[in-house]
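Remarks on the overall topology
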Amino acid sequence: MEGVHKLARLLEAATSVELLPGDAAAWAEIAGPDNEHAPFVFIDGNLGIPEKDLFKVYYVASKAFSKLPLRSLFEASGTSNASEAGLLELTSVILLANSAHQTALNVQKTLVLNGRRTCQDELKFTATVLTLKQSSKVSMLWHHRRWLLLRQNLDGETQALPLSVTDIDFVTLKLPSKILADELQVCSSACETYPRNYYAWFHRYLCLRCCATRAASDSAEHASLLEQEKNELKRWINLHVSDHSAVHCLFVVIEALLAVLTTFSDAEALVMEIRDHALQLLQSYPSHENLWLYFRRAFEQWVTNPATGRVSIPPARTAEDEAKILMNTHKRSSVGKRSDEDKLVVDHARCYLTWKGGKWKSGGSDTPRSLTGGDRM
Amino acid sequence: MKVIALYVLRLPEDKETKDDSKVEILCEADDADNEVGYIKRSAFRDFMKFSTRTIALRTDEGGMQMVEDAGYKMHVLRPVDGKRIVGAAVTDPEYPDRVAQGLLSKLTKDFLEEVPEENFGNRAKITFPAIHSMLRKYQDPKEADPIMKVQKDLDETKIILHKTIESVLDRGEKLDNLVDRSNALSSQTKMFYKTAKKQNSCCVVM
């Protein structure tokens, strides 16, 4: 149990946490000869946990945890034989190694409900755990975070809170823009740690929907956050061109902004901005399917009148020209054998033109807005 | 996509040597702080340098090698008549090859123009702050758009692609042995390589 206490205390004091491959012996040189924190490494507030030692400590903690009389903790009286400091040490260590341990998460929720742990501290703890690669993609942890935000928002109200929160509950919360901005930052860090992190993007999507609801009720702060997020997502897509989730989130933001903008010219400027961004990316990286899908979506937005929902074919140099140009460029560009990349580009361009031919009639007549169900987002 | 490190290396006079510690690092810039945690950073840096030096020793004049391994891609360019100077970049696999090539071409060209040859032997005398601004600027290849479009100068270079570092090595050489024997790697880094390899989570991807 000594290891459990040590780790829990170091976790409390650490500014960053990382897992190290192997065991303590592999990191002895960096840790130094008189490492008082052994088997863990703790330098300048940075905690390194050798994986083998983490699992040893986890085993001890989960055994001790399973022997606790937890029922009395979960019941209304809120008292139990386990001291809450001891409980927290066990659950912190357990969740570090196994972030999907639902009982440990529920104990932490119960401690928050009983007022024995603040939402703030618990949010800080989950943010730390989410910096670990394997933990950053655990759906329960993100759900736990949403529960905490719901709880924090209800502070001062006495209604009973279930140990679960639905997505709808979350999206209708009146969360301040500062809190939402922090959440978006946590999501970004998690996505850097673990690329194509579905649950991090889903959390981001829910936060954006929450923000959109507030913006639509005339909150200027939230509208401003949406604007910032639009720029941030554009920047992210520039650097992660295969990231479908980022494109999906961007369109949630665009639709939310379109609902907030008051003039037609502002709306038009916004859709043009996105269309141009998509086109630029497509010209730079034409072999990426995600960018073709981004362009399709941006194109649809562009040709749909935001006021009426009706479609009109854009004038002059259309996207079709762009696709044809790309296709021909790559057909001609290769000397001798066509490269794999060129083949990909030609295939994507062909798909795009087929999609366009199927959906839009040329000739400039208005067509009712089509469903976008065919897009694989 | 990202550029994690840029190096300007100088090959030793002895053309036959396979000792990576003989490849000098004249200039470097990296983003390791954002890439790995604090404790693993020095081993990570060491290993990036070891990999690029090892590849540089086996790159012909006028040639370029691109090696994808362990979730990263190492690009090494050795310009013709470059006074044994080699440019190296460590990126993620998504980073466009053409841009990496253009970046290294510019890095080595600018270095050779700005840094006098007599300073090559003394690292303290080399000032080339552009390597840091290039690392920042080239994070987004679209900003280097002109480079992406200009193909003519670059088409002369012979490019070899590799799926692993092992395939760069000469017949009979093993990466494990090179790591073990290297004078440039600390024992901590060697231990890190062995453990990460055993666990199958490769050395530099965490």
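The following paragraphs examine the structure supplied in this document. (Residues numbered from 1 in each chain as written. Chains lettered and ligands numbered in written order. Predicted model: local features only at pLDDT ≥ 70, side-chain atom pairs only at ≥ 80, totals over all residues. Heavy atoms only, no water.)

All right, on to the pairing of strand β5 (residues 85-91) of chain B then. Residue and element names in this part refer to chain B. In terms of residue burial, β5 counts as a mostly covered element, since seven of its seven residues are buried. With burial as the criterion, each face of β5 is covered, one bearing Ile85, Gly87, Ala89 and Thr91 and the other bearing Val86, Ala88 and Val90. Here strand β4 (residues 72-77) pairs with β5 via five bridges, running antiparallel. Residue pairing across strands places Met74 opposite Val90, the latter belonging to β5. (Buried < 20%, exposed > 50% of the residue type's maximum accessible area, 1.4 Å probe, protein only. Helix = DSSP H or I, 4+ residues; strand = E, 2+ residues; numbered from the N terminus. Pairing = 2+ DSSP bridges.)

What follows covers the packing of helix α8 (residues 139-154) of chain A against helix α11 (residues 198-216) of chain A. If you want to describe how two helices pack, look at the angle between their axes and the distance between the axes. All names here are of chain A. Between α8 and α11, the shortest axis-to-axis distance is 9 Å and the interhelical angle comes to 25°. Relative to α11, the element α8 is oriented roughly parallel. The way α8 lies across α11 gives a crossing that is right-handed. Between α8 and α11, the residues in contact are Ser139, Trp142, Arg145 and Arg146 and Tyr199, Ala200, Phe202, His203 and Leu206, respectively. Residues of the contact of α8 with α11, tallied by class, amount to five nonpolar, two polar and two charged. (Axes fitted to C-alpha atoms, helices over the stretch in contact; angles between N-to-C directions. Parallel < 35°, antiparallel > 145°, perpendicular 65-115°, else oblique. Left-handed = near helix turned anticlockwise from the far one by under 90°. Contact = heavy atoms within 4.5 Å. Nonpolar A, V, L, I, M, F, W, Y, C, P; charged D, E, K, R; others polar.)

Moving on to helix α14 (residues 264-284) of chain A. Each α-helix turn comprises 3.6 residues. Residues three or four places apart therefore point the same way. Here α14 of chain A spans 30 Å end to end across 21 residues, near enough to the 30 Å set by a 1.5 Å rise per residue. Taken as a whole, α14 of chain A has its buried residues at Ala267, Leu270, Val271, Ile274, Arg275, His277, Ala278, Leu279, Leu281, Leu282 and Ser284 of chain A. (Expected span 1.5 Å × (residues − 1).)

We now examine the nonpolar core. Ranked by size, the top nonpolar core spans 129 residues in total, and within it Leu7, Leu47 and Tyr294 of chain A together with Leu6 and Phe111 of chain B carry the most contacts. Looking at this core, the element that brings in the most residues is helix α13 (residues 244-260) of chain A, giving eleven residues. Residues Ala32, Val36, Phe50 and Leu57 of chain B belong to the second largest nonpolar core, which totals 31 residues. (Core = buried A, V, L, I, M, F, W, Y, C linked by side-chain atoms within 4.5 Å.)

Attention now goes to the sheet that holds strand β1 (residues 16-20) of chain A. Residues and elements named next belong to chain A. Strand order across the open sheet formed by three strands is β1-β3-β2, with mixed pairing between neighbours. Lying at the two open borders of the sheet, with one neighbouring strand each, are β1 and β2 (41-43). Across this sheet, the average inter-strand angle for adjacent strands is 20°, counted without regard to direction. Here β2 pairs with strand β3 (residues 46-50) via three bridges, running antiparallel. If you follow Val41 over to β3, its bridge partner there is Gly48.

A few words on the interface of chain A and chain B. In this assembly, 31 residues from chain A lie in contact with 26 residues from chain B. Where chain A abuts chain B, roughly 2,300 Å² becomes buried across the two surfaces, and 53% of that area is made up of carbon and sulfur atoms. Lys40 of chain B is the partner of Glu18 of chain A in a salt bridge, and the nearest nitrogen-oxygen pair spans 3.3 Å. Where chain A touches chain B, the interface holds twelve residue pairs in polar contact (both at pLDDT 80 or more). Counting residues per element, the ones that place at least two in the side of chain A that touches chain B are β1, α2 (28-31), β2, β3, α12 (220-239) and α14 of chain A. For the side of chain A that touches chain B, the class distribution of residues is 15 nonpolar, nine polar and seven charged. (Buried area = accessible area lost by both parts, 1.4 Å probe. Salt bridge = Lys/Arg side-chain N within 4 Å of Asp/Glu carboxyl O. Polar contact = N/O pair within 3.5 Å; in protein donor to acceptor, adjacent residues only side chain to side chain.)

The next point concerns the packing of α14 of chain A against helix α15 (residues 289-303) of chain A. Residues and elements named next belong to chain A. Two elements in contact, α14 and α15, have axes whose closest approach is 9 Å; the angle formed by their N-to-C orientations is 155°. One finds that α14 runs roughly antiparallel with respect to α15. Classified by chirality, the crossing of α15 by α14 is left-handed. The segment α14 lies against α15, with Val271, Met272, Ile274, Arg275, His277, Ala278, Leu279, Leu281 and Leu282 engaging Leu291, Trp292, Tyr294, Phe295, Ala298, Gln301 and Trp302. Residues belonging to the contact of α14 with α15 are distributed by class as follows: 13 nonpolar, two polar and one charged.

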